Amino acid sequence: MKTIPSSVMSKDNDENDEIDGNTKLATKPKTKIPSLYRVLMMNDDYTPMEFVIEVLEKFFQKNREEATQIMLHVHQRGVGVCGIYTYDLAETKAMQVMNYARKYEHPLQVQLEKE
C-alpha cells in the first residue's frame, strides 16, 4: 500500500490538488447542441405537383398525406418547410433534391434557413 505524505493529507483535497504529481481535472467537456436548419422548398410554375410529392416522400420520408399538405402549402404560399435537420443532414438532403430535380429537368429549388 502506498502512503501519502502528511503534507498532502493536511491540505483540503479539492478537485485540482496534486497528489504524487498527477493532476485531477475538474472540468467536464461541454457538449453544444448543434444548430438546426430548415429545408425550404420554393414554388415555381413548372415543376409538376406530383413530382414535388414524390420528392417529399423519397427524401423527407413524408407519407402521401403529409407530402400533399406541404406541396399545397408551397403552391399557395410560395415556400414551405420540408424538414428541420442539423446542417450536414439538411445540406445533404438539399443537394439530393436539387440533383434529382435536375436529372428529370425540373427547376425545383430548395434552400436552407437557420432555425
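So, here is what we can say about the structure in this document. (Residues numbered from 1 in each chain as written. Predicted model: local features only at pLDDT ≥ 70, side-chain atom pairs only at ≥ 80, totals over all residues. Heavy atoms only, no water.)

## Structural notes on the packing of aromatic side chains
Next, step 1: For the structure shown, the criterion picks out 6 aromatic pairs.
Next, step 2: Ring geometry for Y37 versus Y87: centroids 5.0 Å apart, planes at 70°, classification edge-to-face. Separated by 50 residues along the polypeptide, Y37 in strand β3 (residues 36-42) and Y87 in helix α4 (residues 87-103) bring together distant segments of the chain.
Next, step 3: The exposure class of Y37 is buried, given its relative accessible area of 17%.
Next, step 4: These aromatic residues form a ring-pair network of at least three members: F51, F59, Y100 and Y104. (Phe/Tyr/Trp six-rings, centres within 6.5 Å; stacked < 30°, edge-to-face > 60°. Helix = DSSP H or I, 4+ residues; strand = E, 2+ residues; numbered from the N terminus. Buried < 20%, exposed > 50% of the residue type's maximum accessible area, 1.4 Å probe, protein only.)

## Regarding the pattern of salt bridges
Next, step 1: Throughout the structure, instances matching the rule amount to 4 salt bridges.
Next, step 2: With its nearest N and O atoms 3.1 Å apart, the salt bridge here joins E115 to R38. Of this pair, E115 sits in the segment after β5 (109-114) while R38 sits in strand β3, and the two are 77 residues apart along the sequence.
Next, step 3: Using a relative accessible area of 24% as the deciding quantity, one classes R38 as partly exposed.
Next, step 4: The residue E50 makes a salt bridge to R64 at a minimum N-O spacing of 2.6 Å. Residue E50 is located in helix α2 (residues 49-60), and its partner R64 is located in helix α3 (residues 64-77); the two are separated by 14 residues in the primary sequence.
Next, step 5: By relative accessible area, which is 46% here, E50 ends up partly exposed.
Next, step 6: Via salt bridges that share partners, R38, E113 and E115 belong to a single interconnected network. (Salt bridge = Lys/Arg side-chain N within 4 Å of Asp/Glu carboxyl O.)

## Describing the environment of Y37
Next, step 1: Spatially, the C-alpha atoms of Y37 and E115 are 5.0 Å apart, while their sequence positions differ by 78 residues.
Next, step 2: Look past the residues within four positions of Y37 in its chain and what remains in contact with it is G83, I84, Y85, T86, Y87, A90, E113, K114 and E115. (Contact = heavy atoms within 4.5 Å.)

## What about the side chain of H106?
Next, step 1: As for its placement among the helices and strands, H106 is situated in the loop between α4 and β5.
Next, step 2: By relative accessible area, which is 16% here, H106 ends up buried.
Next, step 3: With sequence-adjacent residues up to four places away left out, H106 is seen in contact with T47, P48, F51 and A101.

## Observations concerning the nonpolar core
Next, step 1: Ranked by internal contacts, the top residues of the largest apolar core, which has 24 residues, are M41, V55, L56, F60 and L108.
Next, step 2: Among the secondary structure elements, those contributing two or more residues to this core are β3, α2, α3, β4 (79-86) and α4.
Next, step 3: Sorting elements by how many residues they give to this core places α2 first, with 7 residues.
Next, step 4: Not counting residues within four places of it along the chain, the set of residues in contact with M41 comprises V52, V55, L56, V74, G78, V79, G80, C82, L108, Q109 and V110. (Core = buried A, V, L, I, M, F, W, Y, C linked by side-chain atoms within 4.5 Å.)

Function-wise, these values are silent; they only describe arrangement.
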